[in-house]
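# Structural overview
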Amino acid sequence: MLSERRLEVLRAIVQDYVGTEEPVGSKALTERHRLGVSPATVRNDMAALEEEGFIAQPHTSAGRIPTDKGYRLFVDKLAGVKPLSGAERRAIQNFLDGAVDLDDVVGRTVRLLAQLTRQVAVVQYPSLTRSTVRHVELLSLAPARLMLVVITDTGRVEQRHVDCPAPFGETALADLRARLNSRVAGRRFSDVPQLVQDLPESFETDDRGTVSTVLATLLETLVEETEERLMIGGTANLTRFGHDFPLVIRPVLEALEEQVVLLKLLGEAKDSGMTVRIGHENAHEGLNSTSVVSVGYGSGGEAVAKLGVVGPTRMDYPGTMGAVRAVARYVGQILAES
């Protein structure tokens with residue numbers, strides 16, 4: 001375990017390096033921070049921190065910079081989450097309140113996160129597998145053609161055309177709509193297959209084929225949508241950090257284009273707490289020079305998806321964590337009210 005003083009020295013190094021982009025020397029540390037000890041003592045502390053792998057010396061400089069291990073200790077032990085100012089919170093609320101539907105909520109959230117943190121923002125659409133059915137609508141398009149519309153508790157809308165094996169009248173359609181909603185409205189998507197499996201048997205023999213076709217389309221919709229959707233924004237922000245990516249920026253950009261990689265980065269929605277992955281903790285090689293800050297969001301107490309930011313390891317962790325957490329809370333409120 002590091003002594004309190006060495007933890008303070010590490011905190012000062014991280015703060016100065018994030019703020020100045022310059023490797024940090026013992027003289028500058030003692031001038032900028034009230035460490036209460038001489039530059040010689042700080043030099044000894046820095047030597048110990050370097051020996052234990054918390055800081056390193058870039059080849060050209062006399063100063064030191066934090067390593068992934070140093071940032072990890074800073075995030076776990078030394079960094080609080082920096083609360084947003086009243087003006088920032090009002091700006092978030094006003095910007096998100098104008099959203100007209102789920103796509104607009106996700107789009108605005110991406111833009112907002114990218115602007116607030118000046119990093120790359122990634123927002124996962126609410127997952128159907130973790131959502132609840134709000135309503136199922138059935139509309140007649142032709143005597144043997146219907147439209148199935150599924151609306152979730154998070155405002156997500158899925159539409160499918162259904163070709164029926166025989167003409168299906170308005171009375172039968174209204175009956176199916178009512179019975180279907182009585183079974184599935186307010187229920188989890190994962191429960192739907194079991195809830196509707198015996199529904200065709202309760203209809204007249206002539207209508208059972210169409211009822212089975214509608215149910216098959218409904219269940220296909222649930223299966224299809226386990227393919228998660230994401231929105232990403234602010235990739236241009238990475239160009240501001242050219243010197244933070246030791247080789248080239250291309251591997252980072254290529255990794256960000258792979259949806260599977262991003263979903264793994266954000267992690268499972270059920271792990272709804274704040275997650276910070278630093279440098280080589282990211283399994284994808286192209287992202288070894290980045291950090292990812294993510295958190296779950298949702299209506300009520302349960303997360304239905306994740307949102308977060310990707311940036312260089314030289315990141316303002318307290319500020320980024322504060323912004324990500326605040327935006328997630330406001331998005332959750334909007335989904336709850338929608």
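Analysis parameters
Residues numbered from 1 in each chain as written. Predicted model: local features only at pLDDT ≥ 70, side-chain atom pairs only at ≥ 80, totals over all residues. Heavy atoms only, no water. Pairing = 2+ DSSP bridges. Helix = DSSP H or I, 4+ residues; strand = E, 2+ residues; numbered from the N terminus. Axes fitted to C-alpha atoms, helices over the stretch in contact; angles between N-to-C directions. Buried < 20%, exposed > 50% of the residue type's maximum accessible area, 1.4 Å probe, protein only. Contact = heavy atoms within 4.5 Å. Core = buried A, V, L, I, M, F, W, Y, C linked by side-chain atoms within 4.5 Å. Salt bridge = Lys/Arg side-chain N within 4 Å of Asp/Glu carboxyl O. 1 Å grid on protein atoms, 1.4 Å probe; cavity = no way out; pocket = protein on both sides within 12 Å on 5 of 7 lines; lining within 4 Å. Points joined across faces, edges and corners; volume = space filled by probe spheres on them. Nonpolar A, V, L, I, M, F, W, Y, C, P; charged D, E, K, R; others polar. Phe/Tyr/Trp six-rings, centres within 6.5 Å; stacked < 30°, edge-to-face > 60°. Lys NZ or Arg CZ within 6 Å of the ring centre and 35° of its normal. Parallel < 35°, antiparallel > 145°, perpendicular 65-115°, else oblique. Left-handed = near helix turned anticlockwise from the far one by under 90°.

The strands making up a sheet associate through hydrogen bonds between their backbones, and the pairing can be parallel or antiparallel. Overall, antiparallel pairing links the five strands, which are arranged β7-β3-β10-β9-β8 in an open sheet. Each of the sheet's edge strands pairs with one partner strand only, and the pair in question is β7 (230-233) and β8 (275-278). On average, each strand axis in the sheet is inclined to that of its neighbour by 15°, with strand direction left out of account.

Moving on: the side chain of Asp-45. Residue position: Asp-45 is located in helix α3 (residues 39-51). Exposure remark for Asp-45: the relative accessible area of 1% places this residue in the buried category. If sequence neighbours within four positions are ignored, Asp-45 has contacts with Arg-5, Arg-6 and Val-9.

The next subject is the nonpolar core. Soluble globular proteins tend to bury their nonpolar side chains together. Ranked by internal contacts, the top residues of the largest apolar core, which has 59 residues, are Leu-29, Leu-307 and Tyr-317. Of the residues forming this core, the biggest block, 11 residues, is contributed by helix α12 (residues 317-337). In contact with Leu-29, not counting residues within four places along its chain, are Val-9, Ala-12, Ile-13, Asp-16, Val-24, Leu-35, Val-42 and Met-46.

Another aspect to go through is the pattern of salt bridges. Once their charged atoms are close, side chains differing in charge can pair, the charge on each being opposite to the other. Counting across every chain of the model gives 16 salt bridges. Its salt-bridge partner being Asp-103, residue Arg-229 comes within 3.6 Å of it at the nearest N-O pair. Here Arg-229, found in the loop between α9 (208-224) and β7, pairs with Asp-103, found in helix α6 (residues 102-117); they are 126 residues apart in sequence, far enough to count as distant. By relative accessible area, which is 33% here, Arg-229 ends up partly exposed. For Arg-160, the salt bridge identified is with Glu-158, shortest N-O distance 3.7 Å. Comparing Arg-160 with Glu-158 shows no difference in burial state: the two are buried. When salt bridges that share partners are traced, they join Arg-5, Arg-6 and Asp-45 into one network.

One open sheet holds the three strands; their spatial order is β4-β5-β6, and the pairing between them is antiparallel. The open sheet terminates on both sides in strands that have one partner only, identified here as β4 (133-142) and β6 (157-163). For this sheet, the mean angle separating the axes of adjacent strands, direction not counted, is 20°. Against the sheet, helix α7 (residues 170-184) engages β4 and β5 (145-152), with an angle of about 165° to β4.

Here Ala-216 lies in helix α9. The exposure class assigned to Ala-216 is partly exposed, which follows from its relative accessible area of 35%. It is 9.9 Å that separates the C-alpha atoms of Ala-216 and Gln-197, two residues lying 19 residues apart in sequence.

With that settled, consider the layout of surface pockets. Empty space among the atoms can be located by rolling a probe the size of a water molecule over them. Taken as a whole, the second largest pocket holds about 440 Å³ of empty space. Taken together, 19 residues line the second largest pocket, and the ones lying closest to its centre are Leu-116, Thr-117, Gln-119, Asp-316 and Thr-320. The greatest single-element share of the lining of the second largest pocket, amounting to three residues, is contributed by α12. Residue composition of the lining of the second largest pocket, by class: seven nonpolar, five polar and seven charged.

It is worth spelling out the packing of aromatic side chains at this point. For the coordinates displayed, the defined rule picks out one aromatic pair. Ring geometry for Tyr-71 versus Tyr-317: centroids 5.6 Å apart, planes at 50°, classification tilted. Taken together, the positions of Tyr-71 in helix α4 (residues 68-78) and Tyr-317 in helix α12 put the pair 246 residues apart, joining distant regions of the chain. Of the residues examined, Tyr-71 reaches a relative accessible area of 2% and is grouped as buried. You can call Tyr-317 buried: its relative accessible area is 0%. Here the basic side chain of Arg-108 rests over the ring of Phe-95, its NZ or CZ set 5.4 Å away from the ring centre.

Before going further, it helps to examine the packing of α4 against α12. Between α4 and α12, the least distance of the axes is 11 Å, while the angle of their chain directions is 55°. When the axes of α4 and α12 are compared, the pair comes out oblique. α4 and α12 meet at a crossing whose hand is right-handed. Across the interface between the two elements, Tyr-71, Phe-74 and Val-75 from α4 touch Tyr-317, Pro-318 and Met-321 from α12. When the residues that make up the contact of α4 with α12 are grouped by side-chain class, the tally is six nonpolar, no polar and no charged.

Taken across its eight residues, strand β10 (residues 305-312) has eight buried, putting it largely inside the fold. Sheet topology places strand β3 (residues 120-124) next to β10; four bridges connect them, and they run antiparallel. The partner of Val-122 across the bridge, within β10, is Gly-308. Across eight bridges, the pairing between strand β9 (residues 290-297) and β10 is antiparallel. Paired with Val-295 across the strands is Leu-307, a residue of β10.

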